[in-house]
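Single-letter residue listing:
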Amino acid sequence: MSGSPSRLLRRTSGHRLRLAGCQWTSTGDPVANLARIDELTGRAAASGARLVVHPEAAMASFAGRLDTVAEPLDGRFADGVRALAARHGVSIVVGMFTPADKITTADGRERSRVHNTLLVTGPGTAETSYRKVHLYDAFGNRESDTVAPGDEVVTIEVDGWQVGPATCYDVRFADHFTALGRAGAQLVVLPASWGDGPGKASQWDLLTRARAHDARARLLGVGQAWTADSVRGPYGIGRSVLADPTGEVRARLGGGEDVLVAEIDRDSVNGARSAVPPPVATCGYDVHLPCRVDLLPRKPGTRDVSPSAGARRTRR
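Since the structure is predicted, the reported quantities are computational estimates derived from the model, not experimental observations. (Residues numbered from 1 in each chain as written. Predicted model: local features only at pLDDT ≥ 70, side-chain atom pairs only at ≥ 80, totals over all residues. Heavy atoms only, no water.)

A. Representation of the overall build of the protein chain in the model. Scanning the protein chain for helices and strands turns up five helices and 16 strands. The buried share among the 316 residues of the protein chain stands at 57%. Summed over all atoms, the accessible surface of the protein chain reaches about 12800 Å², with 52% contributed by carbon and sulfur. (Helix = DSSP H or I, 4+ residues; strand = E, 2+ residues; numbered from the N terminus. Buried < 20%, exposed > 50% of the residue type's maximum accessible area, 1.4 Å probe, protein only. Areas by Shrake-Rupley, 256 points an atom, 1.4 Å probe, with all protein chains shown as cover.)

B. Main features of the sheet that holds strand β12 (residues 218–223). Strand order across the open sheet formed by six strands is β9-β10-β11-β12-β13-β14, with mixed pairing between neighbours. If you trace the sheet from one side to the other, it starts and ends with β9 (156–158) and β14 (249–252), each paired once. The mean inter-strand angle of the sheet, taken between neighbouring strand axes irrespective of direction, is 25 degrees. Pairing analysis gives three bridges linking β9 to strand β10 (residues 161–165), with the strands arranged antiparallel. Within β10, the residue paired with Val158 across the bridge is Trp161. (Pairing = 2+ DSSP bridges. Axes fitted to C-alpha atoms, helices over the stretch in contact; angles between N-to-C directions.)

C. Structural detail: helix α2 (residues 76–88). For α2, spanning 13 residues, the distance from its first C-alpha to its last is 18 Å, which sits close to the expected 18 Å at 1.5 Å a residue. Within the span of α2, buried status applies to Phe77, Ala78, Gly80, Val81, Arg82, Leu84 and Ala85. Its buried side turned inward, α2 meets α1 (30–46), β4 (91–104) and β5 (110–121). (Expected span 1.5 Å × (residues − 1). Contact = heavy atoms within 4.5 Å.)

D. Structural view of unusual backbone geometry. Even without being a glycine, Asp159 presents a positive backbone phi close to 50 degrees. When you line up the elements, Asp159 lands in the loop between β9 and β10. Assessed through its relative accessible area of 26%, Asp159 is described here as partly exposed. The backbone of Cys168 shows a phi angle near 40 degrees, a positive value even though the residue is not glycine. Within the element layout of this structure, Cys168 appears in the loop between β10 and α3 (174–182).

E. Representation of the pattern of salt bridges in the model. Under the counting rule described, the total for this entry stands at 21 salt bridges. The shortest N-O distance in the salt bridge between Asp101 and Arg113 comes to 2.9 Å. Taken together, the residues Asp101 in strand β4 and Arg113 in strand β5 connect sequence positions 12 residues apart. The class for Asp101 is partly exposed, based on a relative accessible area of 29%. Taking the relative accessible area as the measure of exposure, Arg113 reaches 14% and is therefore buried. If you follow the salt bridges from partner to partner, you end up with Arg16, Arg18 and Glu263 in one network. (Salt bridge = Lys/Arg side-chain N within 4 Å of Asp/Glu carboxyl O.)

F. The side chain of Ser61, seen in detail. Assignment of secondary structure puts Ser61 in the loop between β3 (51–53) and α2. A polar contact of 3.0 Å, which involves the side chain of Ser61, links it to the backbone nitrogen of Ala63. Discounting residues that sit within four places of it in the chain, Ser61 has contacts with Ser26, Thr27, Gly28, Leu66 and Tyr235. (Polar contact = N/O pair within 3.5 Å; in protein donor to acceptor, adjacent residues only side chain to side chain.)

G. Structural context of the layout of surface pockets. Quantified by volume, the largest pocket comes out at close to 480 Å³. Phe62, Arg142, Glu143, Thr146 and Pro234 are the residues nearest the centre of the largest pocket, which is lined by 28 residues in total. (1 Å grid on protein atoms, 1.4 Å probe; cavity = no way out; pocket = protein on both sides within 12 Å on 5 of 7 lines; lining within 4 Å. Points joined across faces, edges and corners; volume = space filled by probe spheres on them.)

H. Just the pairing of β14, in detail. Examined bridge by bridge, strand β13 (residues 241–243) and β14 share three bridges and lie antiparallel to one another. In the sheet register, Leu242 faces β14, and the bridge partner there is Ala251. From the end of β13 to the start of β14, which pair antiparallel, there are five residues, and Gly247 there has a positive phi angle of about 90 degrees.

I. A look at the environment of Asp244. Within the secondary structure layout, Asp244 lies in the loop between β13 and β14. With 26 residues separating them in the primary sequence, Asp244 and Arg218 have C-alpha atoms 4.5 Å apart. Those residues in contact with Asp244, other than ones at most four positions away along the chain, are Ala212, Ala217, Arg218 and Arg250. At a separation of 2.6 Å, a polar atom in the side chain of Asp244 contacts the side chain of Thr246.

It is worth stressing that arrangement in space is one thing and function is another; only the former is reported here.
Here it is, written out as structure tokens:
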């Protein structure tokens, strides 16, 4: 790991938010991973970051069973994340797994599934969580055998910024990001554990830039660092990135473990939206469609106005 966080040097005008993306490799041990989250969050906080984002599967790597490590949002791992966020005085986004349901797979096996969950917590925000909607049933993988899909898009206020969380494979679905933009998200955070292989790095680079433009928002994609095992599964390629609302890359890491620290301003988001307004909704959501265009945005503390209703409350 490099000795100091990688920084975005260019400073811009307007209301600013300093943020950090922690790129590292999780293991199968949630206790050890929580210690790494603490260490890296401390480094980011020392650099002045107010929002610190960790990768998808920061709780435990995809290399092991997910149902045996999954914990509820009031479990020990989530409580540990809350405690370290409070101690470092930052808001934090961490990828974890929470219990979901039981299914019988197509080949007759009984499975306990989890939700691929992002926990957003800390003194600068009202706590909320996001469950990954679009599952990685591609390139020979079947995430839906072990992970149950979420069913809503959420936004959360962090230090006065509207932030929209999304996870990894969601990035292949443009409507998810236009929905976040219509909900007012000025920043999209995208934790990931991207698999390696022919063209995969180029796809990540292209899609993160495109989704920033679709949302008309800043986008911070934070991946697990590259490992040799990544050619065999979704274990990370690095390449964490900060893109602006036009799709321009403002900062990018390489493949190794590192911390990206950047300062963003609201004026660039407002300017991009004035020049190219976000698209209006053209269709409703049907939760059975592969592309979950039916997911209506929800802000914490507001009533769910989607056809399915049943809004979740945020923890405060």
